[in-house]
Amino acid sequence: MPLPMYALIVPAFNRGFTALDGLLDKAEAFAAERGMPLAELFEARLAPDMLPLSGQVQRASDTAKNAIGRLTTLEAPRLPDDEQDFAALHERIARTVAFIETVKPEHLDGSETREVTLNFPNLKVTFSGADYLLKFVLPNFYFHVTTAYDILRHKGVPIGKPDFIGRLG
């Protein structure tokens with residue numbers, strides 16, 4: 001039985017971006033209540049060699065849109081990493097979700113066997129579409145969404161597991 005790629009991709013990305021957008025809303029409210037400059041959260045990072053909050057949102061977006069582009073014949077939108085504030089991060093999420101919403105199940109038919117090659121500076125990896133999704137895309141996407149959550153939580157934003165997981169019903 002073929003892997004239901006659409007059912008694994010589109011709902012996961014939509015749920016993740018809904019949570020991420022909500023986390024940003026809570027961060028903005030937290031900063032406003034405390035009189036904290038939003039830049040303090042926007043530029044926050046967990047470690048000096050990790051991307052800041054803004055970079056985590058950008059990488060989650062890139063992971064989602066590029067995965068769809070690689071697994072379908074749809075062209076992923078090019079979004080430069082030039083966001084300078086929370087409004088721009090919300091806009092990036094909205095643009096990414098708008099692209100995801102153009103995907104139809106038939107766009108992903110047969111993509112589980114499509115060959116996907118990634119070229120990293122010191123490594124070239126070729127996956128089947130199913131392995132690309134399960135071993136690279138979803139772990140990478142959730143890494144960046146989770147890291148954004150962790151940055152905000154570390155900075156004191158009152159968020160918890162329900163904010164990450166979302167509504168279950």
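Note that the structure is predicted; figures quoted are calculated from it, not measured. Going along each chain's sequence as written, the residues are numbered from 1 onward. Only residues with pLDDT of at least 70 get local features here, since the model is predicted, and only at 80 or more are side-chain atom pairs given and counted; chain-wide, interface and lining totals rely on the full set of residues. Side-chain numbers come from the whole structure's heavy atoms, not from hydrogens or water.

**Description of helix H5 (residues 129-154)**
In step 1: Counted at 1.5 Å a residue, the expected span for H5 with its 26 residues is 38 Å, and the 35 Å between its end C-alpha atoms agrees.
In step 2: At the C-terminal side of H5, glycine 156 shows a positive phi close to 100°. Each helix is a run of H or I in the DSSP string that is no shorter than four residues. Each strand is a run of E no shorter than two, and both are numbered from the N terminus. Each helix should span, by expectation, one fewer than its residue count multiplied by 1.5 Å.

**Quick word on the nonpolar core**
In step 1: Nine residue types can take part in a nonpolar core, namely buried Ala, Val, Leu, Ile, Met, Phe, Trp, Tyr and Cys, and a core is a set of them joined through side-chain atoms within 4.5 Å. Working definition: with a 1.4 Å probe on protein chains only, accessible area under 20% of the residue-type maximum means buried, over 50% means exposed, and in between means partly exposed. In terms of nonpolar packing, the biggest core is built from 47 residues, with Ile9, Phe13, Phe17, Leu20, Leu41, Tyr132 and Leu152 touching the most fellow members.
In step 2: Elements represented by at least two residues in this core include exactly helix H1 (5-34), helix H2 (38-42), helix H3 (53-71), helix H4 (86-100), strand S1 (115-120) and H5.
In step 3: The leading source of residues in this core is H1, at twelve residues.
In step 4: Contact criterion: two residues are considered in contact whenever any of their non-hydrogen atoms come within 4.5 Å of each other. Setting aside residues up to four positions removed in sequence, leucine 152 forms contacts with Leu23, Ala27, Leu41, Leu53, Val157 and Ile159.

**Quick look at the pattern of salt bridges**
In step 1: Salt bridges are identified by distance alone: a Lys or Arg side-chain nitrogen within 4 Å of an Asp or Glu carboxyl oxygen. A complete count under the given rule lists nine salt bridges for this structure.
In step 2: Across the pair aspartate 163 and lysine 26 runs a salt bridge, and its minimum N-O distance is 2.8 Å. Of this pair, aspartate 163 sits in helix H6 (residues 161-165) while lysine 26 is found in helix H1, placing the two residues 137 residues apart along the sequence.
In step 3: Accessibility expressed as a relative area gives 36% for lysine 26, which makes it partly exposed.
In step 4: For the salt bridge of lysine 65 with aspartate 62, the shortest nitrogen-to-oxygen distance reads 3.6 Å.

**Overview of the packing of H1 against H5**
In step 1: As a rule, the C-alpha atoms of each element are fitted with a line to give its axis, helices using only the stretch in contact, and angles between N-to-C directions run from 0 to 180 degrees. Packing of H1 against H5 leaves a shortest axis separation of 10 Å and a crossing angle of 10°. Overall, the two elements H1 and H5 adopt an arrangement that is roughly parallel. Packed against H1, whose contacting residues are Met5, Leu8, Ile9, Ala12, Phe13, Gly16, Phe17, Leu20, Leu23 and Ala27, the element H5 presents Gly129, Ala130, Leu133, Val137, Leu138, Phe141, Tyr142, Val145, Ala148, Tyr149 and Leu152 at the interface.
In step 2: Considered class by class, the residues forming the contact of H1 with H5 number 19 nonpolar, two polar and no charged. Comment on the angle field: the value is read as roughly parallel under 35 degrees, roughly antiparallel over 145, roughly perpendicular from 65 to 115, and oblique elsewhere. We call Asp, Glu, Lys and Arg charged. Ala, Val, Leu, Ile, Met, Phe, Trp, Tyr, Cys and Pro are nonpolar, and the rest, Gly among them, are polar.

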